[in-house]
Protein chains: 2
Amino acid sequence: MKNLFIGIDVGGMSIKGGIVTRQGEILAKETVETSVYGKDKRMAQDVAYLIDKLIAKGYKTEDIAAAGIGTPGSVDSKTGYIRYSNNIRLENEPLLPLLEKQYPFPFFLNNDANCAIIGEQLFGAAKGKKDAVIVTLGTGVGTGILIDGKMFEGRGCAGAEAGHMVIKAGGNVCNCGRRGCFETYASASALIKMTKEKMLEDPKSLMHDESNKEGKVSGKTAFRAADRGDESAIQVVNEYIQNIGEGLLNLVNVFRPEVILIGGGISKEQEKLTRPLQEMMDRYSFGAAYNPPVEIKTALLENDAGILGAAGLAIASDGNLSI
Amino acid sequence: MKNLFIGIDVGGMSIKGGIVTRQGEILAKETVETSVYGKDKRMAQDVAYLIDKLIAKGYKTEDIAAAGIGTPGSVDSKTGYIRYSNNIRLENEPLLPLLEKQYPFPFFLNNDANCAIIGEQLFGAAKGKKDAVIVTLGTGVGTGILIDGKMFEGRGCAGAEAGHMVIKAGGNVCNCGRRGCFETYASASALIKMTKEKMLEDPKSLMHDESNKEGKVSGKTAFRAADRGDESAIQVVNEYIQNIGEGLLNLVNVFRPEVILIGGGISKEQEKLTRPLQEMMDRYSFGAAYNPPVEIKTALLENDAGILGAAGLAIASDGNLSI
């Protein structure tokens, strides 16, 4: 009985996968290391290895209705090729054609942030919403967009890359080739860079203590030191949130969704992020007093967002939902 | 026989109107001064006065199938209210309800840049295109967006305001309340400001000569002096085009249209604008080597763009086109 789905989340360091029910319950999970750096076309093999490991946990290939895969960067969801990713360094990788030869079930491929908004629409914080955006703050900044209930990919699946909107022209170098992209100011990597810079400036900052406790500078360092009243940390946090807000306001003025969800590890800061961002939207969005308000919330799916989003892609496609 | 349309283009200084055939021929034109500054609700009267003047040129109310109105800012195209405009200073103006009491034909209202893309789709440079964006460079920067053949207004008609994407966070003050909006760097007003600033810095620049000839500093001053090899003017022009390009690249990375049209008076510079902008898109758009290219062209409708766009709104609505 074909009532199970596979969701696969491709990242720079690892590939995570899960067996998922139509209701969004994860029955089994696996992770493999990514070996795709360079151009040796091994990603399809990595994914197949992961699928085989998942099925070996006591499932049957015949029970799998469909599999969904989410990857960073530009994908062609029609042909199943990964066109380009600035973060995992793949170009014109024929991922689905290679996989579909090996398995009897259909595969669906999309950008990981596009998968994330589908996951949140089916199982998370965008349930019942028709116009919603997710902004995932990780190594980069991914954006997934729903317009009138449908995933918006841009013409030829080559849009919805709002992490590569410039918000500070001429600013930080982005590995997409431009300077000043939203991603270079609002990603978790950007926060870590800002934190390290401020720690160099202020040797007495509690950020040193926090990073010693954790063993590294992370996206939490500045937030935890700010909780303890450290002025330098508060400056880092405020500036970082302002950066996120600039990008979100741009998205509001272009899409005016019902809700913008904040995803990725940083979203665990919850209302420390969403409260000031909500204030920015309410005050600075275009014609804020006259136009419909936009709600800022954290994404719900957290650690399993990648698997559930990718599985959601397969579930929505299989069920002929309008994506 | 109801085969004529009225197109009305509301601006900060004047309201222009025309009687237009379904094929886009303008049979008659009129202009009245705008008296809407402040909140005295006289815009409906101004528009009615203009319509009466147009009809008095030898037409019959019965021949008018529908009228379209384009205005700056946020409008509610469903209720016919102007919600908010930062440039004409109107708030919650019930324009269509007031007009529909006075005339037997239906009215359609939309943002002027949204009308412009419909005009170009029906009669101009976006003919046959399904995914197109127009960026009008005038007092402000307006954007009109077609996605899959349909006008994209954002939820509640409150999006598609890409002139209010920030491209230089913390930069020039915008009258929308933010700092660094695309509009403050790429509008004709921004070019004039940049030109004046450079003229103060360089008293020997040929821009002084050009502005003396024209009797004022205009959007042409720097372009004409640059044509004569003036270094300061070349700097202004290059910086201005770079600013436009930053906003266009943002739009490409989000929408990836087939074509972006440049409208407004500055677009008369033709390939002086479009050639360097095309180079920027081909080089810096996200995954440029792998994703579909985007063509940069000037809009075709020029001086009559406002009237034809607004009439186009009425024609498309009347003909049940998908807008």
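Above this text sits the structure in question.
A brief structural summary. (Residues numbered from 1 in each chain as written. Chains lettered and ligands numbered in written order. Predicted model: local features only at pLDDT ≥ 70, side-chain atom pairs only at ≥ 80, totals over all residues. Heavy atoms only, no water.)

Quick notes on the overall build of chain A
A tally of regular secondary structure across chain A gives 10 helices and 13 strands. For chain A, whose C-alpha radius of gyration is 20 Å, the value lies close to the compact-globule estimate of 20 Å for 323 residues. Reported as C-alpha extents along the three principal axes, the dimensions of chain A are approximately 60 × 50 × 35 Å. The 323 residues of chain A split such that 60% are buried. The long-range fraction of contacts in chain A, counting pairs at least 24 apart against all pairs at least 6 apart in sequence, stands at 62%. If you sum the accessible surface of chain A, you get close to 12,700 Å²; carbon and sulfur atoms cover 49% of it. (Helix = DSSP H or I, 4+ residues; strand = E, 2+ residues; numbered from the N terminus. Rg over C-alpha atoms; globule rule 2.2 N^0.38 Å. Buried < 20%, exposed > 50% of the residue type's maximum accessible area, 1.4 Å probe, protein only. Contact = heavy atoms within 4.5 Å. Areas by Shrake-Rupley, 256 points an atom, 1.4 Å probe, with all protein chains shown as cover.)

Looking at the nonpolar core
By size, the foremost hydrophobic cluster in this structure holds 90 residues, and its most contacted members are Phe255 of chain A together with Leu248 and Phe255 of chain B. Not counting the four nearest positions on each side in its chain, Phe255 of chain B is found in contact with Phe152, Gly154, Arg155, Gly159, Val254 and Phe255 of chain A together with Ile145, Ile147 and Phe152 of chain B. (Core = buried A, V, L, I, M, F, W, Y, C linked by side-chain atoms within 4.5 Å.)

Considering the side chain of Thr221 of chain B
The residue Thr221 of chain B is located in helix H7 (residues 221-227) in this model. The contact partners of Thr221 of chain B, leaving out residues within four places of it in the chain, are Thr195, Met199, Met207, Glu210, Ser211, Glu214 and Lys216 of chain B.

Quick notes on the interface of chain A and chain B
Opposite the 46 residues of chain A that make contact, chain B presents 46 residues. Counting the surface lost from both chain A and chain B, the interface buries some 4,000 Å², and carbon and sulfur atoms represent 58% of this. Per-residue buried area on chain A facing chain B is highest for Arg155, Phe286 and Tyr290 of chain A; these three make up 23% of the total on that side. Our enumeration of links across chain A and chain B arrives at two salt bridges. (Buried area = accessible area lost by both parts, 1.4 Å probe. Salt bridge = Lys/Arg side-chain N within 4 Å of Asp/Glu carboxyl O.)

A few points about helix H5 (residues 188-201) of chain B
Residues and elements named next belong to chain B. In this model H5 runs 20 Å from its N-terminal to its C-terminal C-alpha over 14 residues, within 8% of the 20 Å that 1.5 Å per residue would give. Here H5 has its buried residues at Ala188, Ala190, Leu191, Met194, Thr195, Lys198 and Met199. Summarising the contacts, the buried residues of H5 are in contact with strand S9 (132-137), helix H4 (183-186), helix H6 (206-214), H7 and helix H8 (231-255). (Expected span 1.5 Å × (residues − 1).)

Structural notes on the sheet that holds strand S7 (residues 91-93) of chain A
Residue and element names in this part refer to chain A. Read across the open sheet, the three strands follow the order S5-S6-S7; overall the sheet is antiparallel. In this open sheet, the two strands that pair with only one neighbour each are strand S5 (74-76) and S7. Each neighbouring strand pair of the sheet contributes to a mean axis angle of 20°, computed without reference to strand direction. (Pairing = 2+ DSSP bridges. Axes fitted to C-alpha atoms, helices over the stretch in contact; angles between N-to-C directions.)

Observations concerning the sheet that holds strand S5 (residues 74-76) of chain B
Residue and element names in this part refer to chain B. The strand order across the open sheet formed by three strands is S5-S6-S7, and the pairing between neighbours is antiparallel. The open sheet is flanked by S5 and strand S7 (91-93), the only strands paired with a single partner. Within the sheet, the average angular offset between the axes of one strand and its neighbour, ignoring direction, is 20°.

Side note on the relation of the copies chain A and chain B
When chain A is fitted onto chain B, the two copies agree to an RMSD of 0.0 Å after a turn of 180° and an axial shift of 0.0 Å. One copy is carried onto the other by what is essentially a two-fold rotation axis. (Least-squares fit on C-alpha atoms with pLDDT ≥ 70 in both.)

Notes on the packing of aromatic side chains
Evaluation of the coordinates by the stated rule reveals 15 aromatic pairs over all chains. Centroid distance Tyr84 of chain A to Tyr290 of chain B: 5.5 Å. Interplanar angle 10°. Geometry classified as stacked. In this pair, Tyr84 of chain A is assigned in strand S6 (residues 81-84) and Tyr290 of chain B in the loop between helix H9 (271-284) and strand S13 (295-298), connecting two distinct chains. A relative accessible area of 23% means that Tyr290 of chain B is categorised as partly exposed. Measuring from centroid to centroid gives 5.4 Å for Tyr103 of chain A and Phe105 of chain A, while their planes differ by 25°, and the two rings are stacked. Classification of Tyr103 of chain A as buried rests on a relative accessible area of 10%. One aromatic cluster in this structure is built from Phe152 and Phe255 of chain A together with Phe152 and Phe255 of chain B. (Phe/Tyr/Trp six-rings, centres within 6.5 Å; stacked < 30°, edge-to-face > 60°.)

What about unusual backbone geometry?
Residues and elements named next belong to chain B. Phi at Arg256 is positive, roughly 45°, even though this residue is not glycine. Relative to the helices and strands, Arg256 is located in the loop between H8 and strand S12 (259-263). Phi at Glu302 takes a positive value of approximately 50°, unusual for a residue other than glycine. Counting through the fold element by element, Glu302 comes out in the loop between S13 and helix H10 (305-318).

Notes on the pairing of strand S10 (residues 141-147) of chain A
Residue and element names in this part refer to chain A. Burial runs high along S10: seven of the seven residues are buried. Residue alternation in S10 divides its side chains into two sets, Val141, Thr143, Ile145 and Ile147 and Gly142, Gly144 and Leu146, and both sets are buried. Counting the residues in the hairpin turn of strand S9 (residues 132-137) and S10 gives three residues. Looking at chain direction, S10 and strand S11 (residues 150-151) are connected through two bridges and run antiparallel. Bridge pairing links Ile147 to Lys150 in S11. As consecutive antiparallel partners, S10 and S11 are separated by two residues, and within that stretch Asp148 has a phi angle of approximately 50°, a positive value.

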